[in-house]
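# Chains, contacts and geometry: an overview
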Amino acid sequence: MKIKAVSARHTKINKIEKLKAERSYQEAWEALQRYAKEGYDAIAKEDMDFFLKCFGIFDRPATPGKFMIRVRIPGGRLTSQQAKTLGEAAKTYGNDYMDLTTRMQVQLRYLDIADIPTLIETLESVGITTWQTGVDNFRNIVTDPLDGLCFDSVIETAPLIEKMQSLWLKKPEWIAAIPRKFNTAIGGTGSNRCNLFAHDCCFALANREGEYGFNVYLGGKVGAIAESADIFVTEEEIFSFYEALMKVYKKYGFRDSRNKNRLHFLIKEAGMEALVEAIKDMAQRDFAPAGETLVKQPRTEERDGRIRLKDGTYALHMVVPSGIFSGTAMMEAAQAAETYGNGSLNISTTQNLFILGVAKENIEKLLAQPPYDKYSNRGSAYTNQMVACAGIELCPFGVIPNKSDAIDMANYLEEAVPLPEDAGVRMHWSACVKGCGVHELGDIGFIGCKAKENGQTVYGVHIQLGGKSTISQEEAYTILKTVPLTRAKHYVAELMRAYRDLRNPKERFEQFESRVFRRYTKGAIEFILRWNVEVATPKGFEPLTFHPKWTPNIEHNEIFELGTRLYKTLTGQNPYQGTHLYNPIETTPAKHPSKLNPSIDKGLGDIIMKMIALSSKRYEVFTEVIHAIEEWARSNRLIG
């Protein structure tokens, strides 16, 4: 074995590993029937905190005495019978509530421990399970929700997923046996409809020397995009590679700090080359170098509402904002799928639903039926691909309500900045830094936090920009921190106005961000947003705008350029007759803006003067300017 980095990391093990050595999931499973009879207070702490989660059973302190259960839906595929059973279970046991999740799964909530064994048995009877959907297990494998059906589908992955999960699902040697959770994605289409490169293990459609298969990417997680392993596998080879990877991770994955036990950290310590060599040794076979990755397009079809499939039928989209669904709606969707489609439904990683196999002549009939009376077939540019994980009402880690915040933001933007039908923006909301809302891959990402407003602690967000969903997949970068939710919508509206006013025809926000916003430093973007929201709007000044041909590349120069523009906008005059390399040519100072425009008070004018000063006397970075603006705005009671 060439992975040397692991030796020092196994001298200590964390408390969960010690617990797994002292007790087993089998004991918790056997105790579940007893807990159902004896009640909530009889549940052993170690089972509550860890082992019951192996079966997808989660105690939720936010709903005292009640449980959430996570249901595995491989590739998001449901038959109408499975969908009906899920809906009936939610109505019978869980207040008719249901979440659709970013892993193409379903979560039922408000469950009593007395009902859980029966609930699990009912789900198992229709071929779905809750096993290994929590803690240190291989999680639900995701894929394109139109896998095998859409025109750009080359390899149908559903049969591969079934065989891949059979390697570990309900196998005693794999239940809670790995260092931390392990996420897998596989894409057999040319479009990235499942956030493909954000997983521990990613198989991306590829072609090598005329043969179709998959390129392998490894080490993705919240805050990190998977890296190429420079390996190509065929449909037949994928299982030997995957099983070998499983064994390498189980054997050599770190078991000390729980914060650094994902595959990502093993790769960082040992190196990708060493990991790949270990996988080849474990598999006892070589694998070809990577071919050309063919997953190059982002998802766009949701905005059309209906997607024509290869067999001539259609997939009908259903927008489920923030994934908030119900048992009743799922039962209605199942009935609609039987009556007007082929009886199949697919959940997407955007927490939405597709009803499949709908003949063209049945489309309008279907759209007139429940649950399309409650859930739109064509949402807005803001809701079609919106993602939001559970917040404080349902999750112990949540910092903000989140789901309702995402919906409120979308509703505000639809009213304030309506976008053309061919526009699209992906807004991803995570209620905390754990990132279940996959905020780092959104066009605009939100991370729940606490903020200050008028001296009070309130709900807030960190706002990110620029996540990518194509082969150039990149993490978003933070542009604003600890913003109160009451103000966050105004900053985002400024971004949307720039997108609306400057976009090219049919240009998605992802492309627009690369073309326009990437020309600016993060500090410049924050300054423009804050100036417009905190100064220009309340004072009635003309707002700053973004420019597609912006050229300054360091903050010191951008400060001068933006200051010069503000001076001209507010006074009608240029501050200097000429400039050279972001400095005035003449030595005579510009006139103070307040002397040219009475609506500009001295404090604000001082800030502008320091933005356009000689290099040696100018603000160095935007944090200095923003701090001065905030102090001025507070003193003028424009912000709390």
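Coordinates for the structure precede this section.
Everything numeric in this text was worked out from a predicted model, so none of it was measured.

## A look at the overall build of the chain
Counting secondary structure elements, the chain contains 19 helices and 22 strands. Its C-alpha atoms give the chain a radius of gyration of 27 Å, within 12% of the compact-globule value 26 Å for 640 residues. Here the chain, with 640 residues, has 60% of them falling under the buried criterion. A separation threshold of at least 6 residues defines the contact pool for the chain, and within that pool the share at least 24 residues apart is 69%. Carbon and sulfur atoms make up 48% of the accessible area of the chain, which amounts to about 25100 Å² in all.

## Quick notes on the sheet that holds strand 1 (residues 57-59)
The five strands are arranged 1-2-5-4-15 in an open sheet whose pairing can be described as antiparallel. Two strands bound the open sheet, and with one partner strand each, they are strand 1 and strand 15 (324-326). Here the average twist between neighbouring strands, direction ignored, is 30°. Pairing analysis gives three bridges linking strand 4 (residues 97-100) to strand 5 (residues 106-111), with the strands arranged antiparallel. If you follow Asp99 over to strand 5, its bridge partner there is Gln107. Contacts between helix 5 (residues 116-125) and the sheet are confined to strand 1, strand 2 (67-71) and strand 5, with strand 2 contributing the most and set at about 15° to the helix. Of the strands in this sheet, strand 4, strand 5 and strand 15 are in contact with helix 10 (residues 327-340), which crosses strand 15 at around 70°.

## Comments concerning the packing of helix 12 (residues 403-416) against helix 13 (residues 485-502)
The contact between helix 12 and helix 13 brings their axes to 10 Å, and the two run at 45°. Looking at the two axes, helix 12 sits oblique to helix 13. In terms of crossing hand, the pair formed by helix 12 and helix 13 is right-handed. Note on element contacts: helix 13 touches helix 12 through Leu485, Ala488, Lys489, His490, Val492, Ala493, Met496 and Arg497, opposite Asp405, Met409, Tyr412, Leu413 and Ala416. Taken together, the residues of the contact of helix 12 with helix 13 sort by class into nine nonpolar, one polar and three charged.

## Here we look at the packing of aromatic side chains
In total, this model carries 29 aromatic pairs according to the counting rule given. Between Phe203 and Tyr242, the aromatic rings sit 6.1 Å apart at their centres with planes inclined by 70°, giving edge-to-face as the arrangement. Linking Phe203 in strand 8 (residues 201-208) with Tyr242 in helix 7 (residues 238-252), this pair joins segments that are 39 residues apart in sequence. We note that Phe203, like Tyr242, is buried. Among the aromatic side chains, those forming a connected cluster through ring pairs are Phe138, Trp168, Trp174, Phe182, Phe203, Phe241, Tyr242, Tyr249 and Phe287. A cation sits over an aromatic face here: Lys163 above Phe239, 4.3 Å from the ring centre. Looking at Lys250, its charged tip hangs above the ring of Trp174, at a distance of 4.6 Å from the centre.

## Some points on the sheet that holds strand 18 (residues 387-388)
Within the open sheet, the five strands sit side by side as 18-19-20-21-22. Their pairing is mixed. In this open sheet, the two strands that pair with only one neighbour each are strand 18 and strand 22 (477-484). Relative to strand 22, strand 21 (residues 456-465) runs antiparallel, the two being bridged by five bridges. Looking across to strand 22, one finds that Gly460 is bridged to Pro484. In this fold helix 12 packs onto strand 18, strand 19 (427-430) and strand 20 (444-453), with an angle of close to 150° to the strand it touches most, strand 19. Helix 13 contacts strand 19, strand 20, strand 21 and strand 22 of the sheet and is inclined by roughly 145° relative to strand 22.

## Brief notes about the side chain of Arg487
Within the secondary structure layout, Arg487 lies in helix 13. Of note is the side chain of Arg487, whose polar atom sits 2.8 Å from the side chain of Tyr491.

## Examining helix 18 (residues 602-611)
Owing to its 3.6 residues per turn, the α-helix brings residues three or four apart onto one side. For helix 18, the set of buried residues is Leu604, Gly605, Ile607, Ile608, Met609 and Met611. Where helix 18 is buried, its residues meet helix 15 (522-539), helix 16 (555-571), helix 17 (593-596) and helix 19 (622-635). Of the residues that open helix 18, the one with a side-chain oxygen 3.1 Å from the backbone nitrogen of Gly603 is Asp601.

## Thoughts on the pattern of salt bridges
Applying the stated criterion across every chain, the model contains 44 salt bridges. Between Arg23 and Glu27 there is a salt bridge; the shortest N-O distance is 3.8 Å. Arg23 gets classed as buried once you look at its relative accessible area, which sits at 18%. What makes Glu27 partly exposed here is its relative accessible area of 35%. A salt bridge links Glu630 to Arg530, with the nearest nitrogen and oxygen atoms 2.9 Å apart. With a gap of 100 residues between them, Glu630 in helix 19 and Arg530 in helix 15 connect regions that are remote in the sequence. With a relative accessible area of 7%, Arg530 lands in the buried category. It is possible to trace a salt-bridge network through shared partners that takes in Glu17, Lys20, Asp136, Arg255 and Arg258.

## Let's talk about the environment of Met246
By the secondary structure assignment, Met246 is in helix 7. We classify Met246 as buried; its relative accessible area is 1%. Separated by 68 residues in the primary sequence, Met246 and Ile178 place their C-alpha atoms 8.5 Å from one another.

## Focus on the nonpolar core
Formed by 119 residues in total, the largest nonpolar core has its most connected members in Phe203, Leu218, Tyr242, Phe325 and Ile355. Here this core takes ten residues from helix 7, the largest share from any one element. Apart from residues lying up to four places away in sequence, Tyr242 is in contact with Phe138, Ile141, Met164, Leu167, Trp168, Phe182, Thr184, Cys201 and Phe203. Membership of the second largest hydrophobic core comes to 76 residues, among which are Ala423, Leu485, Trp550 and Phe560.

Basis of the calculations
Residues numbered from 1 in each chain as written. Predicted model: local features only at pLDDT ≥ 70, side-chain atom pairs only at ≥ 80, totals over all residues. Heavy atoms only, no water. Helix = DSSP H or I, 4+ residues; strand = E, 2+ residues; numbered from the N terminus. Rg over C-alpha atoms; globule rule 2.2 N^0.38 Å. Buried < 20%, exposed > 50% of the residue type's maximum accessible area, 1.4 Å probe, protein only. Contact = heavy atoms within 4.5 Å. Areas by Shrake-Rupley, 256 points an atom, 1.4 Å probe, with all protein chains shown as cover. Pairing = 2+ DSSP bridges. Axes fitted to C-alpha atoms, helices over the stretch in contact; angles between N-to-C directions. Parallel < 35°, antiparallel > 145°, perpendicular 65-115°, else oblique. Left-handed = near helix turned anticlockwise from the far one by under 90°. Nonpolar A, V, L, I, M, F, W, Y, C, P; charged D, E, K, R; others polar. Phe/Tyr/Trp six-rings, centres within 6.5 Å; stacked < 30°, edge-to-face > 60°. Lys NZ or Arg CZ within 6 Å of the ring centre and 35° of its normal. Polar contact = N/O pair within 3.5 Å; in protein donor to acceptor, adjacent residues only side chain to side chain. Salt bridge = Lys/Arg side-chain N within 4 Å of Asp/Glu carboxyl O. Core = buried A, V, L, I, M, F, W, Y, C linked by side-chain atoms within 4.5 Å.

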